[in-house]
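Residue strings, one per chain:
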2 protein chains.
Amino acid sequence: VSAAPAHQRTLWPDPAGDAVFVLDQRALPHRRVELRLRGLHQVFEAIAHMAVRGAPLIGATAAYGVALQCCSDAGNAALRQAKATLDAARPTAVNLAWATQRMLGRLLPLPEGQRRAAAWQAAQALAAEDVAANSAIGEHGLAVLQDMARRKGRRLNVLTHCNAGWLATVGWGTALAPIYKAHAQGLDVHVWVDETRPRNQGAALTAWELAQAGVPHTLLADNAGGHLMQRGEVDIVIVGADRVTAQGDVCNKIGTYLKALAAHDNGVPFFAAVPLSTLDLSLRAEQVPIELRSPDEVTQVTGLGPDGQVHSVRIAPEGTPALNPAFDLTPARLVSGLITECGLTPANEQALRALTAPR
Amino acid sequence: VSAAPAHQRTLWPDPAGDAVFVLDQRALPHRRVELRLRGLHQVFEAIAHMAVRGAPLIGATAAYGVALQCCSDAGNAALRQAKATLDAARPTAVNLAWATQRMLGRLLPLPEGQRRAAAWQAAQALAAEDVAANSAIGEHGLAVLQDMARRKGRRLNVLTHCNAGWLATVGWGTALAPIYKAHAQGLDVHVWVDETRPRNQGAALTAWELAQAGVPHTLLADNAGGHLMQRGEVDIVIVGADRVTAQGDVCNKIGTYLKALAAHDNGVPFFAAVPLSTLDLSLRAEQVPIELRSPDEVTQVTGLGPDGQVHSVRIAPEGTPALNPAFDLTPARLVSGLITECGLTPANEQALRALTAPR
């Protein structure tokens, strides 16, 4: 396990122990803005309004939200209320409730006077574990890419959807971790970047990350990936996930299912790279809550205008109704495998229960 | 066959016989702009730069381009050069070369002095035939929707991709013609409108057309259609096409293939509504030229800004490379059927050869 590059950090605690800093991802790629979150409510806002996003990162940010709560009131009722508040910020990614549950599991048994210090340590540990898990995902995914490169004997073309890079985690990323490790080893890897409407996390975040790291990449409209697979231009699809069910169904950014169908139709391997914190063995696919976001995200597009300012333009007639489901479910039958910190795993219940069984 | 509503016309000749008017579809939905095209070169520009778009409409516009050529030089060499110029304006839609071929087939046998008058008549006839064919497509498609409404006994949800409405034709539209006819008959129809990145013809044109006609509709990111099909929210998919091969493969706007895969995976009927002028029995799917358009269409989005002006915003980091294939191929195995002016036809070679055989 190697440390993530220091400049690739999405959140870091204030040394004074009374705030946490995050990158405001809504400003990228056009500006770098740091936010200093000073209390539970500001953490809630940052998650709900997607200043921070990405399943692993919202988990880690929520853990710090619990720590911040301990600065003002570390009583049982306050902590339980803090968890309920944070869990409601985004409904789909399971890492959020997983992280707050883990925090409360550590804190509630302690005397109230010890909770504040313990909370900051626990949040820091959770964040460090995320980095370590993603690094391990990167190593296991790297082996897949190395094997494929050996067989093909040419540049590998990886397609990814949304952003599952270091910006979506505390460090390294999930789907992009294998790519960063492959690039660092000199493997010739090129990434097809889905723009990922409606919020364009691919165009804004993944393209930015890859450019910063010097990884060759090309932006695509979400519509184009199937065509490229038909033409043999995609060797492998790697995505992240917000929740993986016991049956191996993958809940991820809206549009992932369409890419999985195309991959299956063209014999292209389709992998989800996920830390174990993204597994949720309690719900079946049809029970996973799918977040509905504002129609404005569909009718308006934000970017850098000709005046050098960031603003939104409306692409539809005024008053056009729009529906904006943020996630979809890819059935396990379309998933070649999961890449977790424990290695490659088939997307089925037996394998996932074995992976998560107490040892 | 009923006439298309008069206000729904995309092109009309100047009575003076020396120009043709078109709606500039790049200005919609924010402004209504008419262009007066006065010569071959202006027709070429209008097609190449997508002031007019939609396979049937670019065919009809090109026919008028040949007529305009006859105003200045109706000689054999000039007409052949005009055809070559127009055919090169957009490579994928076969209606373009079909229309110019038909014009030359009518004009070349005539004495040069008769060509100008004949050309305007031939272009007008071709445009009128497009309206009639689309009206017939609408009637045949209406029967499909009526049958489905009888069986389901509730509102029908139709998903469409790109714009195959009256704006894509001389009148009525192809995929939207059945919807307009159903709506006029009081059938409860609601349309899911794919935004259709990168040029957003769904958001800008289809949503505008449907709003004008009072047809209930909801805009979706292209990524969302598969999810809605999984949830049973889509009863039927109807799209247009730019070229249909002898084998029944459907070449249409990029992203159509992904929707066809999702429809197939969820048992949702998938139809292409096409006039016979869109059939091309000469090429196999892998031979169909797929237009590559400017990467700027992917990295920039145009819309109405907060200042009430139309402009573009950049959604990706400066210098991000992008690939922009404009069409893809949906294999016949995913196509439930074609709706042509002759009725419903299976998407296979035997049926298509029978349909187009000389009688």
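As the structure is a computational prediction, the values presented were derived from the model and not from experiment. (Residues numbered from 1 in each chain as written. Chains lettered and ligands numbered in written order. Predicted model: local features only at pLDDT ≥ 70, side-chain atom pairs only at ≥ 80, totals over all residues. Heavy atoms only, no water.)

A. Here's a closer look at the overall build of chain A. In terms of regular secondary structure, chain A is built from eleven helices and 16 strands. Relative to the globule expectation of 21 Å for 359 residues, the C-alpha radius of gyration of chain A, 20 Å, shows essentially globular dimensions. Taken along its principal axes, the extent of the C-alpha atoms in chain A is 60 × 55 × 40 Å. The buried share of chain A, taken over its 359 residues, is 64%. In chain A, the share of contacts with a sequence separation of at least 24, taken over all contacts with a separation of at least 6, comes to 75%. As displayed, chain A has an accessible area near 12,500 Å², and 51% of this comes from carbon and sulfur atoms. Side-chain charges of chain A comprise 32 positive and 32 negative groups, with the mean position of each set lying 3 Å from the other. (Helix = DSSP H or I, 4+ residues; strand = E, 2+ residues; numbered from the N terminus. Rg over C-alpha atoms; globule rule 2.2 N^0.38 Å. Buried < 20%, exposed > 50% of the residue type's maximum accessible area, 1.4 Å probe, protein only. Contact = heavy atoms within 4.5 Å. Areas by Shrake-Rupley, 256 points an atom, 1.4 Å probe, with all protein chains shown as cover. Lys, Arg positive; Asp, Glu negative; His and termini not counted. Charge placed at Lys NZ, Arg CZ, Asp CG, Glu CD.)

B. Up close: the interface of chain B and chain A. In this complex, chain B contributes 62 residues to the contact, which on the side of chain A involves 62 residues. Taking both sides of the interface into account, the surface hidden between chain B and chain A amounts to around 4,700 Å²; carbon and sulfur atoms contribute 63%. Looking only at chain B, the three residues that lose the most surface to chain A are Asn223, Leu258 and Ile315 of chain B, adding up to 15% of its buried area. Taken together, the links from chain B to chain A amount to four salt bridges. Linking aspartate 265 of chain A and arginine 333 of chain B is a salt bridge whose minimum nitrogen-to-oxygen distance equals 3.0 Å. At the boundary of chain B and chain A, one finds 24 residue pairs in polar contact (both at pLDDT 80 or more). Contributing elements (two or more residues each) for the side of chain B that touches chain A: α7 (201–213), β6 (217–220), α8 (225–230), α9 (256–265), α10 (296–299), β12 (300–304), β13 (310–314) and β14 (327–330) of chain B. For the side of chain B that touches chain A, the leading source of residues is α9 of chain B, giving six residues. When its residues are assigned to classes, the side of chain B that touches chain A shows 34 nonpolar, 19 polar and nine charged. (Buried area = accessible area lost by both parts, 1.4 Å probe. Salt bridge = Lys/Arg side-chain N within 4 Å of Asp/Glu carboxyl O. Polar contact = N/O pair within 3.5 Å; in protein donor to acceptor, adjacent residues only side chain to side chain. Nonpolar A, V, L, I, M, F, W, Y, C, P; charged D, E, K, R; others polar.)

C. Molecular detail of the nonpolar core. Within the largest apolar cluster, 164 residues are counted, with the highest numbers of intra-cluster contacts made by Ile179 of chain A together with Ile179 of chain B. When neighbours within four sequence positions are excluded, isoleucine 179 of chain B is seen to be in contact with Leu145, Val158, Val189, Val191, Leu210 and Val215 of chain B. Counting residues in each nonpolar core, the second largest holds 62 residues, with Met229, Leu261 and Val274 of chain A together with Val237 of chain B among its members. (Core = buried A, V, L, I, M, F, W, Y, C linked by side-chain atoms within 4.5 Å.)

D. Spotlight on helix α6 (residues 177–184) of chain B. All names here are of chain B. Taking burial as the measure, the eight residues of α6 include six buried ones, the bulk of the element. Those residues of α6 that sit buried are Ala177, Pro178, Ile179, Tyr180, Lys181 and Ala182. On its buried side, α6 packs onto α5 (112–152), β4 (156–160), β5 (189–194) and α7. Just beyond α6, the residue with positive phi is glycine 186, at close to 90°.

E. Quick peek at the pairing of strand β5 (residues 189–194) of chain A. Residue and element names in this part refer to chain A. Across the six residues that make up β5, a large majority, six, are buried. The pairing of strand β4 (residues 156–160) with β5 spans five bridges and is classified as parallel. The partner of leucine 159 across the bridge, within β5, is tryptophan 192. In this fold, the crossover linking β4 to β5 by way of helix α6 (residues 177–184) has right-handed handedness. As a crossover connection, the stretch from β5 through helix α7 (residues 201–213) into strand β6 (residues 217–220) is right-handed. (Pairing = 2+ DSSP bridges. Right-handed = clockwise from strand over helix to strand, strands pointing away.)

F. Local environment of the environment of glycine 232 of chain A. Residue and element names in this part refer to chain A. Mapped onto the fold, glycine 232 is located in the loop between α8 (225–230) and β7 (236–239). The exposure class of glycine 232 is partly exposed, given its relative accessible area of 48%. It is 9.6 Å that separates the C-alpha atoms of glycine 232 and glycine 267, two residues lying 35 residues apart in sequence.

G. Region of the structure containing the packing of helix α1 (residues 40–48) of chain A against helix α2 (residues 55–72) of chain A. Residue and element names in this part refer to chain A. Where α1 contacts α2, the two axes come as close as 8 Å, and the packing angle between them is 165°. Taken as axis vectors, α1 and α2 run roughly antiparallel relative to one another. Here α1 and α2 pass one another in a crossing that is left-handed. On α2, the residues that touch Leu40, Val43 and Ile47 of α1 are Ile58, Thr61, Ala62, Gly65, Leu68 and Gln69. (Axes fitted to C-alpha atoms, helices over the stretch in contact; angles between N-to-C directions. Parallel < 35°, antiparallel > 145°, perpendicular 65-115°, else oblique. Left-handed = near helix turned anticlockwise from the far one by under 90°.)

H. Layout of the relation of the copies chain B and chain A. In screw terms, the move from chain B to chain A is a rotation of 180° and a rise of 0.0 Å along the axis, fitting with an RMSD of 0.0 Å. The relationship between the two copies is best expressed as a two-fold rotation axis. When each C-alpha of chain B is compared by its distance to the rotation axis, leucine 258 of chain B comes out closest, at 2.9 Å. By residue overlap, the copies meet face to face through one surface: 100% of the interface positions of chain B are interface positions in chain A. (Least-squares fit on C-alpha atoms with pLDDT ≥ 70 in both.)

I. Quick look at the packing of α5 of chain B against α6 of chain B. Residues and elements named next belong to chain B. It is at 7 Å that the axes of α5 and α6 come closest, and there the two elements cross at 65°. You can see that α5 and α6 cross each other, and the crossing is right-handed. On α6, the residues that touch Asn134, Ser135, Ile137, Gly138, Glu139, Gly141, Leu142 and Leu145 of α5 are Ala177, Pro178, Ile179, Lys181 and Ala182. When the residues that make up the contact of α5 with α6 are grouped by side-chain class, the tally is seven nonpolar, four polar and two charged.

J. Seen up close, the sheet that holds β6 of chain B. All names here are of chain B. Pairing within the open sheet is mixed, and its seven strands lie in the order β6-β5-β4-β7-β10-β15-β16. With partners counted over all chains shown, the strands left at the sheet margins are β6 and β16 (343–345), one partner each. Going from strand to strand, the sheet's axes swing by 25° on average, the running direction of each strand aside. Alignment of β4 against strand β7 (residues 236–239), held across two bridges, turns out to be parallel. The residue bridging valine 158 from the neighbouring strand is isoleucine 236, located in β7.

K. Inspection of the packing of aromatic side chains at higher detail. Residues and elements named next belong to chain B. Under the criterion given, the structure shown has six aromatic pairs over all chains. Ring geometry for tryptophan 12 and phenylalanine 21: centres 5.9 Å apart, planes at 15°, overall stacked. Residues tryptophan 166 and tryptophan 208 carry aromatic rings whose centres are separated by 6.0 Å and whose planes lie at 50° to one another, so their mutual orientation is tilted. In this pair, tryptophan 166 is assigned in the loop between β4 and α6 and tryptophan 208 in helix α7, connecting sequence segments 42 residues apart. (Phe/Tyr/Trp six-rings, centres within 6.5 Å; stacked < 30°, edge-to-face > 60°.)

L. Geometry of the environment of alanine 204 of chain A. Residue placement: alanine 204 of chain A occurs in helix α7. Take alanine 204 of chain A: its relative accessible area is 9%, and that puts it in the buried class. Distance from alanine 204 of chain A to valine 274 of chain A, taken between C-alpha atoms, is 22 Å for residues 70 residues apart in sequence. For alanine 204 of chain A, the contacting residues outside a window of four places in its chain are Leu28 and Pro29 of chain A together with Ile315 of chain B.

M. Fine view of the pattern of salt bridges. Taken as a whole and judged by the stated rule, the model has 42 salt bridges over all chains. Of the charged contacts in the structure, one is a salt bridge between glutamate 34 of chain A and arginine 32 of chain A, with a shortest N-O distance of 3.2 Å. Under the relative-accessibility criterion, glutamate 34 of chain A is labelled partly exposed at 42%. Arginine 293 of chain B is paired through a salt bridge with glutamate 291 of chain B; the nearest N and O atoms lie 2.8 Å apart. Given a relative accessible area of 8%, glutamate 291 of chain B falls into the buried group. One network of salt bridges, with partners in common, ties together Arg90, Arg199, Glu291, Arg293 and Glu297 of chain A.

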